[in-house]
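# Analysis of the macromolecular model
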Amino acid sequence: MSSVLKRTLTDLTVADLMIPAEKVAHVQEGNPIEHALLVLVESGYSSVPVLDLNYKFKGTIAKTPILKSIMGIERFEMEKLSETKVEAVMQKDQPTLMKDTEFLTSLKIVIDHAFACVVDEEGYFLGILTRRAILKEVNKSMYASE
Ligand code: AMP
């Protein structure tokens, strides 16, 4: 049995469940939205974190706002893909978590978000916590308590 399984849900913190930064696909705020769209389509993720050049978390970017931003009246204005920067389209007001955030606080955040970004005290990006990781632990704990 893994050490995570032995503990109860309330003992878990974000650090136990997060995907570390080096395994997370991301884009930079200065990238053209064309690059973000390529990353999103190639990775299959609906949304990925946006970082600055120093690796600080800035927001998230998703496919739908990118497509809306290039939508003209009668056609997609494809030239906008290379002209528009990620920072103009990204969602900025995203909740963040710290490594020591408790499980129940993270659970509340992933009710409304498929994932939340984990940052340190200075805002540097450390990874993400997904709704899947939270639900897996809830599922495990339900079977363990039978
Ligand atoms: P999941 O719960 O695994 O389906 O992931 C939920 C969302 O988290 C995905 O749709 C992505 O937006 C994001 N995500 C999960 N894993 C990664 C990753 N390795 N890199 C970037 N984003 C990710």
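For clarity, every value in this text was computed on a predicted model and none was experimentally measured.

What counts and how
- Residues numbered from 1 in each chain as written.
- Predicted model: local features only at pLDDT ≥ 70, side-chain atom pairs only at ≥ 80, totals over all residues.
- Heavy atoms only, no water.
- Helix = DSSP H or I, 4+ residues; strand = E, 2+ residues; numbered from the N terminus.
- Buried < 20%, exposed > 50% of the residue type's maximum accessible area, 1.4 Å probe, protein only.
- Contact = heavy atoms within 4.5 Å.
- Areas by Shrake-Rupley, 256 points an atom, 1.4 Å probe, with all protein chains shown as cover.
- Pairing = 2+ DSSP bridges.
- UniProt positions renumbered as here; feature names shortened; annotations may be inferred.
- Arc of directions from axis to C-beta.

Attention shifts here to the overall build of the chain. Across its full length, the chain holds eight helices and seven strands. The principal-axis extents of the C-alpha atoms in the chain amount to approximately 55 × 30 × 25 Å. When each of the 146 residues of the chain is scored for burial, the buried share is 37%. Long-range pairs, those at least 24 residues apart, make up 56% of the contacts in the chain with a sequence separation of at least 6. About 8900 Å² of surface is accessible on the chain, with carbon and sulfur atoms providing 53% of the total.

Of all the six residues making up strand E7 (residues 125-130), five are buried; the element is thus mostly covered by neighbouring parts of the structure. In the sheet, strand E1 (residues 19-20) pairs with E7 via two bridges, with the strands oriented antiparallel. Across the sheet, residue proline 20 finds its bridge partner in E7, namely glycine 127. With five bridges joining them, strand E6 (residues 115-119) and E7 adopt antiparallel strand pairing. When the sheet's bridge partners are listed, valine 118 is paired in E7 with glycine 127. Counted between consecutive antiparallel strands, the loop separating E6 from E7 contains five residues, among which glycine 123 sits at a positive phi close to 90 degrees.

Attention now goes to the UniProt feature "domain: CBS" (unreviewed entry) in the chain. The positions that UniProt labels "domain: CBS" (unreviewed entry) are, in the present scheme, residues 18-78. In this annotation, residues 18-78 is assigned 30% helix and 25% strand; the end-to-end C-alpha distance for the span is 36 Å.

Turning our eyes to something else, we now look at the sheet that holds E7. Spatially, four strands are ordered E1-E7-E6-E5 in an open sheet, and the strand pairing comes out mixed. Single-partner strands in this sheet number two, and they are E1 and strand E5 (96-97).

Moving on: helix H7 (residues 103-112). Burial in H7 covers these residues: Phe103, Ser106, Ile109 and Val110. In an axial view of H7, the angular spread of the buried residues amounts to 120 degrees, which keeps them on one side of the axis. Facing away from the buried side of H7 by more than 90 degrees, the exposed set consists of Lys108, Ile111 and Asp112. At its buried positions, H7 is contacted by helix H2 (14-17), E5, E6, E7 and helix H8 (131-144).

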